[in-house]
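A look at the structure
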Amino acid sequence: NAGVTQTPKFRVLKTGQSMTLLCAQDMNHEYMYWYRQDPGMGLRLIHYSVGEGTTAKGEVPDGYNVSRLKKQNFLLGLESAAPSQTSVYFCASSQATGITTRQELFFGEGSRLTVL
Amino acid sequence: DAKTTQPNSMESNEEEPVHLPCNHSTISGTDYIHWYRQLPSQGPEYVIHGLTSNVNNRMASLAIAEDRKSSTLILHRATLRDAAVYYCILRTGANSKLTFGKGITLSVRP
């Protein structure tokens, strides 16, 4: 059982280039999230999705786009990369919440992006 | 979103209990208290969560104050592997996201 898989794990971009980070989960989770983490900081939410075909903005959405065409995949795109987007990106997923438990988030191992 | 306040860091000795505090004075009645930890160079991992009652699992215990304005994560016997950043987070029950602060950095001395 792979859990949450992120690709690529490392990438170096030049300013202005575009790229897509892929997050795949095999737990049939409804909810998926993209976070970024800068040195010495906590995680900040970029975008999230509560189901296939839906996306919503988080704390720091500017400069990023997302798509959730399939339930198991959540893509994060950078259309024109900037040095300020140098960061470690984490994807997470969780089951649909309700009154009871199972609200745990499962995280991937991270994707380290450097923009020169 | 209701916020949490944690000390920046804490040190502990190996094999001793560790109590990690968290204040959440603006917590609402439907907010769950979650704890996650992040080991070096890894993604965060779930530790425990609770609503009103104290909770225990194989990793830790969560003690929640009666007024729910604070909570404490208890590691019963710290190991070197427990050195990590621990995040205390509030989450409303349905359809909500987790907002991470800076967390508390736990160091464990051999």
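Look above for the structure.
All of the points below concern the structure found in this document.

What counts and how
- Residues numbered from 1 in each chain as written.
- Chains lettered and ligands numbered in written order.
- Predicted model: local features only at pLDDT ≥ 70, side-chain atom pairs only at ≥ 80, totals over all residues.
- Heavy atoms only, no water.
- Helix = DSSP H or I, 4+ residues; strand = E, 2+ residues; numbered from the N terminus.
- Rg over C-alpha atoms; globule rule 2.2 N^0.38 Å.
- Buried < 20%, exposed > 50% of the residue type's maximum accessible area, 1.4 Å probe, protein only.
- Contact = heavy atoms within 4.5 Å.
- Areas by Shrake-Rupley, 256 points an atom, 1.4 Å probe, with all protein chains shown as cover.
- Lys, Arg positive; Asp, Glu negative; His and termini not counted.
- Charge placed at Lys NZ, Arg CZ, Asp CG, Glu CD.
- Pairing = 2+ DSSP bridges.
- Axes fitted to C-alpha atoms, helices over the stretch in contact; angles between N-to-C directions.
- Disulfide = S-S within 2.5 Å.
- Salt bridge = Lys/Arg side-chain N within 4 Å of Asp/Glu carboxyl O.

Remarks on the overall build of chain A
Scanning chain A from terminus to terminus reveals zero helices and eleven strands. Along its sequence from the N terminus, chain A presents helices and strands in the succession β-β-β-β-β-β-β-β-β-β-β. On C-alpha atoms alone, chain A measures out to a radius of gyration of 14 Å, which is about the 13 Å that the 2.2 N^0.38 rule sets for 116 residues. Going through the 116 residues of chain A one by one, you find that 48% of them count as buried. Sequence-distant contacts, at least 24 apart, represent 55% of the contacts inside chain A between residues at least 6 apart. Put simply, chain A shows about 5600 Å² of open surface, and 53% of that area lies on carbon and sulfur atoms. Taken together, the 11 basic and 9 acidic charged side chains of chain A have centroids lying 5 Å from each other.

Some remarks on the side chain of B:Asp82
For B:Asp82, the position within the fold is in the loop between strand E7 (70–75) and strand E8 (84–92). Ignoring any residue separated from it by four or fewer positions in sequence, one finds B:Asp82 in contact with B:Arg37, B:Leu75, B:Arg77, B:Leu106 and B:Val108.

Examining the sheet that holds strand E4 (residues 45–50) of chain B
All names here are of chain B. A sheet is described by the order of its strands in space; here five strands give the open sequence E1-E9-E8-E3-E4, paired in mixed fashion. Of all the strands in the sheet, just strand E1 (9–13) and E4 have a single pairing partner and so form its edges. If you compare each strand with its neighbour and ignore which way they point, the axes differ by 25 degrees on average. Pairing of E1 with strand E9 (residues 104–109) involves five bridges; the strand directions are parallel. Across the sheet, the residue bridging to Ser-9 is Thr-105, located in E9.

So, the state of the cysteines
Summed over the entire model, instances satisfying the criterion amount to two disulfides over all chains. One disulfide bridge connects A:Cys23 with A:Cys91, the sulfur atoms lying 1.8 Å from each other. The disulfide joining A:Cys23 to A:Cys91 has a torsion of about -75 degrees about its S-S bond and is therefore left-handed. Linking A:Cys23 in strand E3 (residues 19–25) with A:Cys91 in strand E9 (residues 87–94), this pair joins segments that are 68 residues apart in sequence. We note that A:Cys23, like A:Cys91, is buried. The side chain of B:Cys22 participates in a disulfide bridge whose partner is B:Cys88; the two sulfur atoms lie 2.0 Å from each other.

Looking at unusual backbone geometry
The step from A:Thr7 to A:Pro8 runs through a cis peptide bond, and the omega angle for that step is -5 degrees. Mapped onto the elements, A:Pro8 comes out in the loop between strand E1 (4–7) and strand E2 (10–13). Its identity is not glycine, yet A:Asn28 carries a phi of approximately 60 degrees, on the positive side. Among the secondary structure elements, A:Asn28 is positioned in the loop between E3 and strand E4 (31–37). Even without a glycine there, the phi angle at B:Arg68 is positive, about 65 degrees. Along the chain, B:Arg68 turns up in the loop between strand E6 (61–64) and E7.

Describing the pattern of salt bridges
Close approach of charged atoms allows side chains with opposite charge to pair. Considering all chains together, one arrives at seven salt bridges over all chains under this definition. Across the salt bridge formed by B:Arg37 and B:Glu45, the nearest N and O atoms sit 2.7 Å from each other. Here B:Glu45 falls in the partly exposed class, since its relative accessible area comes to 27%. Residue B:Asp82 is joined to B:Arg37 by a salt bridge in which the shortest nitrogen-to-oxygen separation is 2.8 Å. Within this pair, whereas B:Asp82 is found in the loop between E7 and E8, its partner B:Arg37 is found in strand E3 (residues 31–38), the two being separated by 45 residues in sequence. According to the relative accessible area criterion, B:Arg37 is buried, its value standing at 6%. One continuous salt-bridge network, built from bridges that share partners, spans A:Arg36, A:Asp38 and A:Arg44.

No statement about biological role is implied by the geometric values presented.
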